[in-house]
Amino acid sequence: MKLSMLKYCLALLAASLWAASALALNVFATVPEWAALAQEIGGDRLKIVTATGALQDPHRIEAKPSLIARARNADLLLATGAELEVGWLPVILRESGNARIQPSALGYFEAVAYVKMLDVPGRLDRADGDVHASGNPHIHTDPRNYPKIAAALATRLAQLDAANAAQYRMAYAKFVERWQANLARWEKQAAPLRGQPVVVQHKSFSYLIDWLGLKEIAVLEPKPGVEASAAHLARVLEQTRAQKPRWVIRAAWENNRAADGFAAQSGAPVAVLPFTVGADDQVKDLTALFDETVARLSAAH
Amino acid sequence: MKHVSIIVLAAYGALASFPMTAAAEAAADVSALRAEIAQLKAAYEERIQALERRLNQVQAQSATTVAPAARPVAAAANAFNPAISLILSGMTTSTKLDPRQDTSGAAGRERRIQGLMPSGGEFNPEARSWNLGESELAISANIDPHFRGTLLAALSPANEVSVEEANIQTLGLGAGLNIKAGRFLSGIGYANEQHPHAWDFSNASLPHQAFFGAQLGYDGMQIKWLAPTDMFLEFGLETGRARGFPSSDAARNKNGLMSGSAFARLGDDVGREHSWRLGASYFATQPGDRAYEDIDSSGTRVTNRFSGTSRTVGLDVVWKWKPHYGAQSFKFQSEWFRRKESGQLTYNGDNAVGAFAAAATGDLSSTQSGLYAQGVWGFAPAWRVGYRYDQLGRRATRIGLIDQGVLAANDLPLLEAFEPKRQTLMLDWSRSEFSRIRLQFAHDRTRPGAADRQIWLHYIMSLGAHGAHKF
């Protein structure tokens, strides 16, 4: 009796140890939106760390020691690509000494590979500012991009963790079903916005603008990554006066100076969009991100 | 044209519907007209069909571009060219004291830090007014899935090319291991690994100048291991031919170990906005006949040499604050080093000149420490202001030749005790990530006598590939 009890305990211990090891697929997401997407598809089977907070400029993160340590233990790296992380991710990858997440490995996933890029520059010259050679990297502001990326991610997770492949596929199917319903709802809600003129601070929302059919009539930054000067703001003000922009759009992480200054002079109100998951208390997941984005743009003023 | 034919068509149609009351010739006319109308109808249908076909084609094309697909990469012959970046730097300086002239007034002798054997590292502007800085050309690429190669050449204003780094590095070796071989900058301390263009001030700190001739490099190998912990914990070992002061490995020719170093680093975040790193390091070398020049009591230029062991320990700390909002940032960094040397000092080893016609050799042991601390505050977009304090401790030295009365203290004037200090203030402006213009003021007490006041105006610009910087 005692012996069988002991055996039972040992078996339980072994099972729990096995379960713990089977549970842990370590995911390192560079930005919150891919962490949120991985959460939708992988759920509890993934242990996700996110390199940047929702209120940090994703271009200007440093290769911090903490990030190197997290990357060392990762099984899957989720990045945006298109040079968004070029200032820090290469160092992290090299310093991590982790073969599983190198760009040639199965554990390296770039979201831009699965969507159509906008703002691909016709010429590459730093005189045009901090341009991205492969196009605008902020692809996550168009909800139509998620099903494609989710499909690729579910396939990748199934490859990395074959034991749970069926669950990833199931979760993906459910996610897409929900997403398509949401998409129809958002598009219906945002239909009156089509053709409305807007001014943006940085080209952060090109994909959102493309999706909703908004008309981007000006950018407050004279060149990507270059802060707007007073003279430039005055020029934009002059240029947009006749068109009466409905919104001046800026991301929650962007400096409020240029947008607020422009709003005060032009009378166009500022719409502070969450940009990504976690920007404020309302935006807890991807669905909430677009609920909130569409709601703020549709708000009366 | 189209309008005309439509009017004609309408006219024919009207005619065709006209009530027929006329004779046989009229009936023949009507049938001719009908035939013409049928012809026109057929022609229009054909054109409409062609338009529809074109529309369908365009729609199909746009559908294929929306479908997820890997974008084609230009498959030109240069597609695999390595990443190339270039740093351009130049400055204009104004100094109260002549940067080329020692206080002793000895011709051709450069100003050096009092109290220690000179490291040979640059620490002052080359000369007053305009000087070109080093132009750094960096070329790097992945060699294959397992290795990465880097070359960094510095083109000096004196038109010399020097190889600063030329190394291979493993890529994702696994188990947290990283191996580098070739010429590289040592990982000891914090600032040692940074290239001058990444420095927050226009010159190296006093401890780096005094202990390593600005920067310690190796022709050798480095192994780093990153512990599988949530907190950053890294260990490194380096061995090989150390480059420059305090070693004299360049002249050595022996099998096995020459110089070596070891370091450990610990780091993490505090919240989302703060991050820090602590480090401890150790460097050991065995200089043989490491020479330096001095002016003895008779005013003669003599060459003295040191042989023995040299061991340096160091501690470093970095703390960075980068808030979510706004363009502000703050960075604090500080390093401390202590070097112990013991061995033999040979006075006037080269020529039978000076106060004593013959060379003399005696014991020498010394302990030298130094530290710097600096803070750089980004207070507005593009603008930063920084302050640095650096100091070298009074060197504790026992010189056998002086203790035994063979030489007087003023025969080795450069080794006479002193406590060098310097304060530096800088303001820099970066319109973009790739350009920086810096104004720097220094109050420099590294030699006895009057303090030097230095003003620098320095530009540092980077072209080409977007390099990722270390923490």
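Our subject is the structure listed above.
The following refers to the structure shown. From a predicted model like this one, the values you see are computed outputs, not experimental measurements.

So, how was this worked out
Residues numbered from 1 in each chain as written. Chains lettered and ligands numbered in written order. Predicted model: local features only at pLDDT ≥ 70, side-chain atom pairs only at ≥ 80, totals over all residues. Helix = DSSP H or I, 4+ residues; strand = E, 2+ residues; numbered from the N terminus. Buried ≥ 20, exposed ≤ 12 C-beta atoms within 10 Å, placed from the backbone. Contact = placed C-beta atoms within 7 Å. Pairing = 2+ DSSP bridges. Axes fitted to C-alpha atoms, helices over the stretch in contact; angles between N-to-C directions. Nonpolar A, V, L, I, M, F, W, Y, C, P; charged D, E, K, R; others polar.

So, on to the overall build of chain A. Of the regular secondary structure elements, chain A holds ten helices and eight strands. Taken over the C-alpha atoms alone, chain A extends approximately 90 × 40 × 30 Å along its principal axes. Taking all 301 residues of chain A together, the buried fraction comes to 45%. Across chain A, every contact between residues at least 6 apart in sequence was considered, and the portion connecting residues at least 24 apart equals 62%.

Turning our eyes to something else, we now look at the overall build of chain B. Broken down by element type, chain B carries four helices and 19 strands. The 471 residues of chain B split such that 31% are buried. Considering only contacts in chain B between residues 6 or more positions apart, those separated by 24 or more positions represent 62%.

All names here are of chain B. As defined by bridge partners, strand β3 (residues 135–142) adjoins strand β4 (residues 147–155) across eight bridges and the pair is classed as antiparallel. Paired with glutamate 136 across the bridge in β4 is alanine 154. What sits between the antiparallel neighbours β3 and β4 is a turn of four residues. Where β4 lies against strand β5 (residues 161–170), nine bridges are found, and the strand directions are antiparallel. Residue pairing across strands places phenylalanine 147 opposite threonine 170, the latter belonging to β5. Taken together, β4 and the strand that follows it, β5, pair antiparallel across an intervening segment of five residues, in which asparagine 159 is found at a positive phi of about 65 degrees.

This brings us to the sheet that holds strand β4 (residues 108–110) of chain A. All names here are of chain A. Read across the sheet, four strands follow the order β2-β1-β3-β4 without closing on themselves; strand pairing throughout is parallel. Every interior strand has two partners, whereas the edge strands, β2 (46–50) and β4, have only one. Going from strand to strand, the sheet's axes swing by 20 degrees on average, the running direction of each strand aside. One ladder, built from three bridges, connects strand β3 (residues 76–79) with β4; its direction is parallel. Paired with leucine 77 across the strands is tyrosine 108, a residue of β4.

Our focus in this paragraph is the interface of chain B and chain A. At the interface, 39 residues of chain B touch 37 residues of chain A. Across the side of chain B that touches chain A, the residue classes break down as 19 nonpolar, 13 polar and seven charged.

Honestly, that's just the spatial picture; any functional story needs more than this.
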